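Letter by letter, the chains look like this.
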Amino acid sequence: ILFIFVLPYFLATKKTTTSSNDSGPSTKNNGDQQTNDPQPSIKKRNRIRNGKKDKKSQPTPQQNENLAKEGTVIEFSTMASNILTLLCIFIIFTILFFSNNNLFPARTVLIAPVFTKEECQQIIDMAHGAAQRNAKDAQREKDLLLSEHPGFMDLELAEKDNDATTGTDPHLLQLKKLDSMLKEPSGWKKDRHDSYPTTDLNLVTDSFTPEDRAWLANKLNGRLAPLVERSFGIFRGSIRANDIFVVRYDATKGQPNLRKHTDSSHLSFNVLLNDEFEGGGTRFHSRPDKTYVDIKPDVGEALISHAQMLHEGLATTKGTRYILVGFDSIDEKDPLTGETTNLSIFSSWLNFSWMQIRFKEGFQDGRKSRSRIINNVGDDKGEWKYSRYAVSLFRDLDSVMTCLIDQFAPFRSLKVVGTKDFDKYFEVMDKATEQRSQADAKPSRGAGYASWFKGQQIDLDVFGNFKSIWSSRKDEEDKFRGEDL
């Protein structure tokens, strides 16, 4: 505030001394008198020699002050003040933009260990157990559906139905969904992400146990969250996983790769869970110069990056590759409870990577809301953030910030811990986690504990307020009410 408002005003203000119309002639006349008549000077000198002073000839303090006021004029230049204000804003913008807090995380891929090999295998076993339970439930539901609708004994017969060709029969849609679940690999979801579908299992909506989630949350709080806090300058309690899931890439069955894309979050991570495959890896693309870097981490290592970095999953040519993926939002407050997360303003509204995502969320939310307003659905009408101009502004700010980050932020990868030091690293991190858990009576986001499960699959507006839930959560909302979340 001082730099933007006070300093320009101070610099644009100056004092000048001027003489009035009366004082000019008066001074001149006095000068003439002094020149033509030497008597006053002689008398004055005589009085001083005799130790006498004429009190009437000495101006009083009040007269001195009045004379000073009459000769001083304060001038203020509005144009200079405006120019200086814009210059100060530009200087602040430049200092912030080129700070490490903005440029380091924007296009840097961190490579760091999160799980041991044994823990990675445990996660794979957890996923297979959840897939088996999914398949069992899907088969039971399919049998019940076919018993109630004998005409849908298989999709070939069902697709001959008139409703089936239009895709409006809810029973047929459910049958297709169940059949997709039961296809190899059985029990794994294949249609959860519309634009970039993956063969995956979500930690909440799929059949993972409360013990599975509690164990995983403890590991992520102790190993991943501190790393994000230290490397990206983000308070660990502000982290909220908006989607966390196990993905499999199969060389011969299912999905072998994933095409180029960006993620819908502030940060994203993926952890390699096994090495019994060939091919694979993640390719990160630099948009301005069309270069890329291929990263193949060790088992247990996570690739952590800004979610707007363009990347793709390279094809698995043999075997099956498993990874744990998380899309993390960085919240100023919990969108469901309103609890503060103690996120610094330098990691939020003064961080251009963070603002880029918020403006993108504002644009997406505004576009959906404007569609509802046009169709007279919902109660969004009248809010300024849903006006055509605000939505266009959010879109343009997102584009400008993306361009600035792509042009100035260094594109690189950074390995945090050497492979031979994994065990020592885990020992130190686990010890710190144990000490912290003993000191904290009640874990909360304000106390520095991330939200890994309860706040998943929701959409926010530009100010981080809850707006809507994903369709995948809408169908499984009861699973998000569990106390273990």
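Residues numbered from 1 in each chain as written. Predicted model: local features only at pLDDT ≥ 70, side-chain atom pairs only at ≥ 80, totals over all residues. Heavy atoms only, no water.

S.K.: Explain the layout of surface pockets here, please?
M.R.: A water-sized probe, rolled over the atoms, reveals where empty space remains. Roughly 690 Å³ of internal volume is contained in the second largest pocket. What lines the second largest pocket is a set of 32 residues, and nearest its centre among them are Asn-221, Pro-443, Ser-444, Tyr-449 and Ala-450. Listed by contribution, the elements that provide at least two residues to the lining of the second largest pocket are helix 11 (210-232) and helix 14 (422-439). Broken down by element, the lining of the second largest pocket gets its largest block of residues, seven residues, from helix 11. (1 Å grid on protein atoms, 1.4 Å probe; cavity = no way out; pocket = protein on both sides within 12 Å on 5 of 7 lines; lining within 4 Å. Points joined across faces, edges and corners; volume = space filled by probe spheres on them. Helix = DSSP H or I, 4+ residues; strand = E, 2+ residues; numbered from the N terminus.)

S.K.: Explain the pairing of strand 5 (residues 239-250) to me, please; I cannot follow it from the model alone.
M.R.: The two faces of the sheet receive side chains in turn, since in a regular strand these alternate between them. Of all the 12 residues making up strand 5, 12 are buried; the element is thus mostly covered by neighbouring parts of the structure. Pairing of strand 4 (residues 200-202) with strand 5 involves three bridges; the strand directions are antiparallel. Opposite Asn-202, over in strand 5, you have Phe-245 as the bridge partner. Relative to strand 13 (residues 316-330), strand 5 runs antiparallel, the two being bridged by 11 bridges. Counted as the bridge partner of Asp-243 is Phe-327 from strand 13. (Buried < 20%, exposed > 50% of the residue type's maximum accessible area, 1.4 Å probe, protein only. Pairing = 2+ DSSP bridges.)

S.K.: Please explain the packing of helix 7 (residues 117-148) against helix 11 as it appears in this structure.
M.R.: The angle between the axes and the distance between the axes are what describe a pair of packed helices. Put simply, helix 7 and helix 11 touch, their axes get as near as 11 Å, and they point 145° apart. The crossing of helix 7 and helix 11 is left-handed. Residue-level contacts link Glu-119, Gln-122, Ile-123, Met-126 and Arg-133 of helix 7 to Asp-212, Trp-215, Leu-216, Lys-219 and Arg-223 of helix 11. (Axes fitted to C-alpha atoms, helices over the stretch in contact; angles between N-to-C directions. Left-handed = near helix turned anticlockwise from the far one by under 90°. Contact = heavy atoms within 4.5 Å.)

S.K.: For this particular structure, what's the right way to read unusual backbone geometry?
M.R.: The phi angle of most residues is negative, glycine excepted, and most peptide bonds adopt the trans form. Of note, the bond from Glu-184 into Pro-185 is cis; its omega dihedral lies within 30 degrees of zero at -5°. For Pro-185, the location among the structural elements is in the loop between helix 10 (170-182) and strand 4. Its identity as a non-glycine residue notwithstanding, Lys-290 has a phi of 65°, on the positive side. Looking at where Lys-290 falls in the secondary structure, it is placed in the loop between strand 9 (282-285) and strand 10 (292-295). For Gln-457, which is not glycine, the phi torsion reads 60° and is therefore positive.

S.K.: Help me understand the nonpolar core in this model?
M.R.: The biggest cluster of nonpolar side chains holds 76 residues, and the ones touching the most others in it are Phe-115, Leu-216, Val-246, Leu-273, Ile-304, Leu-324 and Trp-452. Counting residues per element, this core draws most heavily on helix 11, at nine residues. Setting aside residues no more than four positions away along its own chain, Val-246 makes contact with Ile-123, Ala-127, Trp-188, Thr-199, Asp-200, Leu-201, Leu-203, Phe-208, Leu-273, Ile-323 and Leu-324. Ranked by size, the runner-up nonpolar core spans six residues in total, among them Ile-111, Ile-295, Leu-303 and Met-309. (Core = buried A, V, L, I, M, F, W, Y, C linked by side-chain atoms within 4.5 Å.)

S.K.: Help me understand the sheet that holds strand 12 (residues 310-313) in this model?
M.R.: Taken in spatial order, the four strands make up an open sheet running 6-12-9-10, and their pairing is antiparallel. Strand pairing shows two members of the sheet lacking a second neighbour, strand 6 (258-261) and strand 10, which therefore form its edges. Each neighbouring strand pair of the sheet contributes to a mean axis angle of 15°, computed without reference to strand direction. Relative to strand 10, strand 9 runs antiparallel, the two being bridged by four bridges. Its bridge partner lying in strand 10, Phe-284 is registered against Val-293.

Limitation: the analysis is restricted to geometry and does not speak to function.
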